[in-house]
Structure formats: structure tokens, C-alpha cells
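# A structural walkthrough
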Amino acid sequence: MRVVFLGTPDFGVPSLKALHSAGYEIAGVFTQPDRPKGRGNKMVKSPVKECAEALGIPVFQPVKIRADGVEALRSLQPDLCVTAAFGQILSQEILDIPRIGTVNVHSSLLPRYRGSAPINWAILEGETVTGVTTMMTDKGLDTGDILLQKSVEILPGETAGELTDRLAPIGAALLIETLRRIEQGNCPRTPQNEAEASYFPMLKKEMAPIDWRMPASRIVCRVRGLSPWPGTTLAWGDGETVKVLRAEEVDASGGPGEILAADAKRGLIVAAGEGAVRVTALQAPGGKAMDARDYFRGHPCAHTRCLLTEEEKNE
RNA sequence: CGCGGGGUAGAGCAGUUCGGUAGCUCGUCGGGCUCAUAACCCGGAGGUCGAGGGUUCAAGUCCCUCCCCCGCAA
């Protein structure tokens, strides 16, 4: 079976590797164009491109596959397309090219958590279970028929980044099982139940600042769910902002945003809308990540007593 | 040449403006004290100040070159 793989970030790499080692003929790989990244704005290849090149597979990088990638894909004459976090919407014209269709690996238990950041949102919503789904891509956004699913427990304290790393190989294994069963002609295919469907939007960096009026449990979920990007931040009153990398709920109380402790012994404890949050790891501007207690050894705290902004207080 | 922060004891930092004895908060080791604590008191060990070169009587500090870490923007 001739397969074309479409993917971009790390999440897709295990699936590509699995296809290769399972013996599928991979006619080509589509991935997002190289982009200037990091310090110095150096051009960086996507992880999927790195992998494809290492495997000796031709790589295609249309800026917009719907516009300038159609002929390239058609010329590869795929029996099947596989997508895993490709990052571009496929048009009906694209979907019509592969003989069998397009299988997508999605990191949630569809029909819940449709959208481009299902792992983050599952944690943000306080879920304890999520999973991966293989589905037949159709013109809607993550609306196609479900093929196979596997549920996965979300570990206590697990961040979105960590869960992504854990889900990627699980998705790859599920993909191979899906293709095997398609070839055998016994793959289940179930339309999604629209009544149970939920959709969550892309993450924005505007989501990073903590709103201390939220319950402590919810703030901790945000720290986990928004890691590593866009991250979670708190602002001292003086304009300084630090990234909050790790936090846990603790039993204490005070007015929302009130600093209950900020020293080298106890670390940083801030009261929330309900309960309180202990920040256990943070990162100052220009600095590296560190334990909150280490931070206060060198930064004697002379900050404000409350982390709510004037705006928030007045609301 | 995208913008910017940083490298000083095991950890986190100050000291660099204007060259002149290596400091702080912790940790650690030894001793003491307390019913007790995020304890407290006394004492000690621990540093090629990222690397190399230059200027100087004298460089953590000034000049040149290089290495490494990090944030933003994309």
C-alpha cells in the first residue's frame, strides 16, 4: 500500500517511524515549510522533516497544500494518506486524491476535544482520562468517522508536554493497527455522536497570565495544561513577570492573589479564589528554570502583597 | 547580521559605573541550646570569578577574541 504522510511537530514522528518500520511504502512526506526559529532566526526543519530525511523519504513543503500542493500529492498516487498534527486544513480536492481515504491520528477521545490543542484542553478542563483516536478525515474539523480509539490515563501533575510525549507512540501503534485492519477489511467505522461533541480553540499566549480569582485547582490545571506553551505567568506589582513552571494546590486561605509566603524556606504560596497555590518551580526573565525556594535565596522578596491587577480588583 | 538577559563556593544572587583583601542568603561539616519550630547560637570547610589573550605596580572589574546557558519575537 502506497502511503503519503503529512505531519509537522514531534507528535507525528513516532507515527512516521512506525509506518516505515511496519513496511509501508511511504511515497512522500508533507510537512510545514522550514521556518526561522530561535535565537538568530535560523531556519529550522520540522521534526517530521528531519525524520523523513533520515529515512530517505522525499519531502514536500507547500506553504498551503490546498493551493500549491495538490499536483505534487496527486503525482505520488497514494492509496492512503495519513495525517498526524500536520497543521494545515485539507480541502475536499486533497481528500479526494488518495484511493482509500485519509486517516488522521488525533490525540483525544473523539468526539470530545476536537480542535488543534486537545491534549492541553483535556488537562485544562481537569480531565483524568484522555486518549488517541484514529479517524477518517472529512471536510469538517475533526468530524470524520471514528476508526479505533485507545484511552489513556492522565497522570497526577502531568503537563501537556509530558502527556504529548507519552501519547505520540500510543497513537503510532494505534495507527498501525488501524491500517492493518483496513487492509484486512475489518476495521470498525463509527460516525461521531454530534450530541457529545466538543470543540476547543487554538491556544493563545494571552492565556498565560494567571487569574488568581480562579479556584486553586483550576490554576494548577492551567499551569499543567499550558506547558510548555504558552506557559503560565504571574506578574509582581513592579512590572516583573515570571513564568510559573510547576504548581500544586495547598491548604491555606486568603484574599485572591494575596501572597501568603515568598521566601527560601516555604517557596511561594498565593491565595486563590478557592484555596491556595504553591508555586514550586519558576523562571525569571532571562534566567533558567529553578525551584521557587532557590529563587528567593537570591531574590529577597520586596514585592507587593497582592498579585491581582488594579483592573481585576475593580471588576 | 532580528531584539534582549546571563555565566562569581554545592544552590540562588550582590560586587563590574569609578581597577586596590572574595561578599550575602541558604546548603554542608563540627559543636552548643530547646518540650517544641520555616527553629536558634558559635565555629569550620568549600572559589582556575565561563575560556584565552592584552593593558596595568595591581583585573571579578578596563580592551580584544571565543565558548556556553536563557527569554522575546517568529
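Refer to the structure above for everything that follows.
Because the structure is a prediction, the values reported are computed rather than measured. Numbers given to residues run from 1 along each chain, matching the order in which its sequence is written. The naming scheme follows written order: chains are lettered A onward, ligands numbered 1 onward. Note on the predicted model: pLDDT of at least 70 is required for a residue's local features to be given, and 80 or more for side-chain atom pairs to be given and counted; whole-chain, interface and lining totals, by contrast, use all residues. Remark: hydrogens and water are excluded; side-chain values derive from all non-hydrogen atoms of the structure.

## Digging into the protein's contact with RNA strand B
Here a residue counts as near a molecule or strand whenever at least one of its heavy atoms sits within 4 Å of it. Inspection of the region around RNA strand B gives 20 residues, with Lys-205, Lys-265, Arg-266, Gly-287 and Arg-297 positioned closest. Counted as a polar contact is a pair of N or O atoms within 3.5 Å, where, for protein atoms, one must be capable of donating a hydrogen and the other of accepting one, and residues adjacent in sequence contribute only when both atoms are in side chains. A distance of 3.3 Å separates a base nitrogen of RNA strand B from a polar atom in the backbone of Pro-36. Numbering of helices and strands starts at the N terminus; helices are DSSP runs of H or I of at least 4 residues and strands are runs of E of at least 2. Mapped onto the surface near RNA strand B, the elements with two or more residues apiece are β3 (35-37) and α9 (292-298).

## A few points about the layout of surface pockets
Taking a probe equal in size to a water molecule and rolling it over the atoms shows the remaining empty space. Computed from the structure, the largest pocket encloses a volume of approximately 1,800 Å³. As defined here, a cavity is a set of points on a 1 Å grid over the protein atoms alone where a 1.4 Å probe fits but cannot get out. A pocket is an open set with protein on both sides within 12 Å along at least five of seven lines, and residues line them when an atom is within 4 Å of a point. For the largest pocket, the lining is made up of 47 residues, of which Pro-9, Ala-85, Phe-86, Gly-87 and Ser-116 are closest to its centre. Those elements giving two or more residues to the lining of the largest pocket turn out to be β3, β7 (101-106), α6 (118-124) and α7 (160-184). Broken down by element, the residue count for the lining of the largest pocket peaks at four residues, all from α7. Under the scheme applied, nonpolar residues are Ala, Val, Leu, Ile, Met, Phe, Trp, Tyr, Cys and Pro; charged residues are Asp, Glu, Lys and Arg; polar residues are all the others, including Gly. In the lining of the largest pocket, the residues fall into 22 nonpolar, 17 polar and eight charged. Domain start and stop positions are those given by an automatic or database domain assignment. Two domains each provide a minimum of three residues to the lining of the largest pocket, namely domain 1 (2-196) and domain 2 (205-314). Grid points are joined across faces, edges and corners, and a volume is the space filled by probe spheres set on the points.

## Thoughts on the packing of helix α1 (residues 13-21) against helix α2 (residues 47-55)
The axes used here are C-alpha line fits, helices contributing only the stretch in contact, and every angle between their N-to-C directions lies in the interval 0 to 180 degrees. For the pair α1 and α2, the least separation of the axes is 9 Å and the interaxial angle reads 20°. Overall, the two elements α1 and α2 adopt an arrangement that is roughly parallel. In the packing of α1 onto α2, the handedness of the crossing is right-handed. Residues Val-13, Leu-16, Lys-17 and His-20 of α1 form the contact with α2, whose own contacting residues are Pro-47, Val-48, Cys-51, Ala-52 and Leu-55. Residue classes in the contact of α1 with α2 are distributed as seven nonpolar, one polar and one charged. An angle below 35 degrees is treated as roughly parallel, one above 145 as roughly antiparallel, one from 65 to 115 as roughly perpendicular, and anything else as oblique. What makes a crossing left-handed is the near helix being turned counterclockwise from the far one by less than a right angle; a clockwise turn instead makes it right-handed. Any two residues whose heavy atoms approach within 4.5 Å at even a single point are treated as in contact.

## Structural notes on the nonpolar core
Within the largest apolar cluster, 46 residues are counted, with the highest numbers of intra-cluster contacts made by Phe-5, Leu-16, Leu-19, Val-29, Val-82, Trp-121 and Leu-179. Residues in contact with Leu-179, not counting those within four places in the same chain, are Met-1, Leu-19, Tyr-24, Leu-80, Val-82 and Val-103. Throughout, nonpolar core names a set of buried Ala, Val, Leu, Ile, Met, Phe, Trp, Tyr and Cys residues whose side chains join them through atoms within 4.5 Å. Buried residues are those whose accessible area, probed at 1.4 Å on protein chains only, stays under 20% of the maximum for their type, while exposed residues exceed 50% and partly exposed ones sit between those limits.

## Quick notes on the sheet that holds strand β1 (residues 2-7)
Where strands meet in a sheet, backbone hydrogen bonds hold them as pairs that are either parallel or antiparallel. Taking strand neighbours across the sheet as the criterion, the seven strands line up as β5-β2-β1-β6-β7-β8-β9 in an open arrangement whose pairing is mixed. Each edge of the open sheet carries a strand with a single partner, namely β5 (59-60) and β9 (146-153). Sheet topology places β1 next to strand β6 (residues 80-84); five bridges connect them, and they run parallel. Bridge pairing in β6 links Val-4 to Cys-81. Lying over the sheet, α7 contacts β6, β7, β8 (129-136) and β9, oriented at roughly 150° with respect to β9. The pairing criterion for strands is at least two bridges between them, as found by DSSP.

## Focus: a nonpolar patch on the surface
On the surface, a nonpolar cluster with roughly 290 Å² of combined accessible area is contributed by Ile-89, Leu-141 and Tyr-199. Relative to the elements of secondary structure, Tyr-199 occurs in the loop between α7 and α8 (216-225). Judged by relative accessible area, Tyr-199 falls into the partly exposed class, the value being 47%. In this analysis, a patch consists of residues with relative accessible area above 30% that form no salt bridge, clustered at 9 Å for like charges and at 5 Å for the nonpolar side chains Val, Leu, Ile, Met, Phe, Trp and Tyr. The protein chains shown are the only cover counted for residues, whose accessible areas, like all others here, come from Shrake-Rupley with a 1.4 Å probe. Each reported salt bridge corresponds to a side-chain nitrogen of Lys or Arg within 4 Å of a carboxyl oxygen of Asp or Glu.

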